[in-house]
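# An overview of the molecular structure
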Amino acid sequence: MKSFRWIFVALIAAMVLWWPRSSSVSPATGTLSETTGNTMPRIGLGTWKAGKGVVGNAVKHALLNGYKHIDMAPRYGNEKEIGEVFNEVFKTRERKEFFLGSKLWNTDHHPSQVSDALTRTLTDLQLTYLDTWYMHWPVSLKQGGDVYPDIVFDSIPIEDTWAAMEKEYDVGRVRSLAVSNFNVEQLQSLLKVARIKPKYNQIELHPYLPNGRLVRFCKQHGIQVVAFSPIGSPGNAANNRKDVIPLIQNPVITQIAERVGRTPAQVVLKWGLQKGVVVIPKSVTPSRVDENLAAGSLPDLSEDDVFQIDRLPQVPTRYVSSPHFWNGVTEADFWKDDGAESIN
């Protein structure tokens, strides 16, 4: 009987090791583990609006000081400079240590253009593969039709573009596929036809725009939410919403920060991490790059602090707004949701 018991235990252990694992999130300082084997660190460096001549130094500082996740896109206009940094850093560091993601731009949605677009990105970044590849927007534009105000829409179905992206996954040039700026209805449509479902949905998300309905839908379907502008895009606040206090200057945030001995940005980032969201704050200032990463290792906010922050979005604030992509519809119609619902 004893030997039989040990055989039974061994069989159970083997089944646990073999059994397929769904996506799971470890504590805020850890990583997001996937069935594909790659991992997305919970804090990454965003590179949108990181200008030429400074973005390279910011990325290099990040890679050499603890960051494992860099978020990029051809539209940002800085991938060649970032690629020079990768070429330098990966001479002494293993590429596989890092999670690197980029995006497919709106003018490259035709299935015949998708592979070439990825080739350009990989060439500019001096990489052989991406850890994830996003469809940047659920909008297709004609070649050359992406210069505001002369926007020229195309009629390429999202599912056709996605099928072409899936082929790049099949050949190993991308390790996972993702979407960006998708609402619930667009995700529902894609999930009905996708052979490979999106692993991530990158959206604007912060306490002024918690996107509870969308986050809940993503969670129910195993899609990890990645938050861009997670501290409220301070650089855009003065331009977009003069009637709203910049998030990191909100008294609720600053009072919590002062009481717990953190910066306002760290408080907001910690809120996002505790909500199970991956955050990708952008900065080119080394001290702030370090400060943002340190938020992941700080103690959790109290339940009362989280509750106070959850109550902030009295007026939903979307700092990153691209109405010229909405093809004549209102912001509300495009998103189908004002984003104010809190994250449970």
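Residues numbered from 1 in each chain as written. Predicted model: local features only at pLDDT ≥ 70, side-chain atom pairs only at ≥ 80, totals over all residues. Heavy atoms only, no water.

## Considering the nonpolar core
- Of all hydrophobic cores here, the largest spans 72 residues; its most connected members are Val59, Phe86, Trp133 and Leu205.
- A total of six residues in this core trace back to one element, the largest contributor, which is helix H10 (residues 264-274).
- Excluding residues within four positions of it along the chain, Val59 makes contact with Leu45, Thr47, Ile70, Ile82, Val85 and Phe86.
- Met40, Phe99, Ala178 and Tyr200 belong to the second largest nonpolar core, which has ten residues in total. (Core = buried A, V, L, I, M, F, W, Y, C linked by side-chain atoms within 4.5 Å. Buried < 20%, exposed > 50% of the residue type's maximum accessible area, 1.4 Å probe, protein only. Helix = DSSP H or I, 4+ residues; strand = E, 2+ residues; numbered from the N terminus. Contact = heavy atoms within 4.5 Å.)

## Topic: the sheet that holds strand E6 (residues 99-104)
- If you trace the eight strands from one edge of the open sheet to the other, you get E4-E5-E6-E7-E10-E11-E12-E13, paired in parallel fashion. Either end of the sheet is taken by a strand with one partner, and the two such strands are strand E4 (45-46) and strand E13 (278-279).
- In this structure, strand E7 (residues 132-135) lies alongside strand E10 (residues 177-180), joined through three bridges in parallel fashion. Among the inter-strand pairings, Trp133 is bridged to a residue of E10, identified as Leu177. (Pairing = 2+ DSSP bridges.)

## Notes on the side chain of Asn201
- In this structure, Asn201 sits in strand E11 (residues 200-204).
- Polar contacts involving the side chain of Asn201 include one to the main-chain carbonyl oxygen of Phe182, which spans 3.1 Å.
- Among residues more than four places away in sequence, those in contact with Asn201 are Val179, Ser180, Asn181, Phe182, Leu187, Leu214, Cys218, Ile223, Gln224, Val225 and Val226. (Polar contact = N/O pair within 3.5 Å; in protein donor to acceptor, adjacent residues only side chain to side chain.)

## A few points about H10
- By the criterion of burial, H10 is predominantly enclosed, with nine of the eleven residues buried.
- Within H10 the residues assigned to the buried category are Ala265, Gln266, Val267, Val268, Leu269, Lys270, Trp271, Gly272 and Leu273.
- Buried residues along H10 sit in contact with helix H9 (251-260), E13, helix H11 (286-294) and helix H12 (303-310).
- Of the residues trailing H10, Gly276 is marked for its positive phi of about 85°.

## Observations concerning helix H6 (residues 184-193)
- Along H6, the residues that are buried comprise Val184, Gln186, Leu187 and Leu190. The arc that holds every buried residue of H6, seen down its axis, measures 155°, which confines them to one face. Exposed residues lying more than 90 degrees from the buried face of H6 are Lys192 and Val193.
- Its side-chain oxygen placed 3.1 Å from the backbone nitrogen of Glu185, Asn183 serves as the N-cap of H6. (Arc of directions from axis to C-beta.)

## Structural notes on the packing of helix H3 (residues 79-89) against helix H4 (residues 111-125)
- Close contact between H3 and H4 brings their axes to 6 Å; oriented N to C, the two are set at 50°. Put simply, H3 runs oblique to H4. Counting all contacts with H3, which are made through Glu79, Lys80, Ile82, Gly83 and Phe86, the residues of H4 involved are Thr121, Asp124 and Leu125.
- Taken together, the residues of the contact of H3 with H4 break down into three nonpolar, two polar and three charged. (Axes fitted to C-alpha atoms, helices over the stretch in contact; angles between N-to-C directions. Parallel < 35°, antiparallel > 145°, perpendicular 65-115°, else oblique. Nonpolar A, V, L, I, M, F, W, Y, C, P; charged D, E, K, R; others polar.)

## Focus on the environment of Pro111
- Within the element layout of this structure, Pro111 appears in helix H4.
- Overall, the relative accessible area of 36% leaves Pro111 in the partly exposed class.
- Setting aside residues up to four positions removed in sequence, Pro111 forms contacts with Ile156, Asp160 and Ala164.

## Overview of the packing of aromatic side chains
- Counted by the stated rule, this structure contains three aromatic pairs.
- A centroid spacing of 5.3 Å and a plane angle of 10° characterise the contact between Phe86 and Phe90, whose relative ring orientation is stacked.
- Take Phe90: its relative accessible area is 19%, and that puts it in the buried class.
- Members of the aromatic cluster, each reached through a chain of ring pairs, are Phe86, Phe90 and Phe98.
- One cation-aromatic arrangement involves Lys68 over Phe98; the distance from NZ or CZ to the ring centre is 4.9 Å.
- One cation-aromatic arrangement involves Arg175 over Tyr129; the distance from NZ or CZ to the ring centre is 3.8 Å. (Phe/Tyr/Trp six-rings, centres within 6.5 Å; stacked < 30°, edge-to-face > 60°. Lys NZ or Arg CZ within 6 Å of the ring centre and 35° of its normal.)

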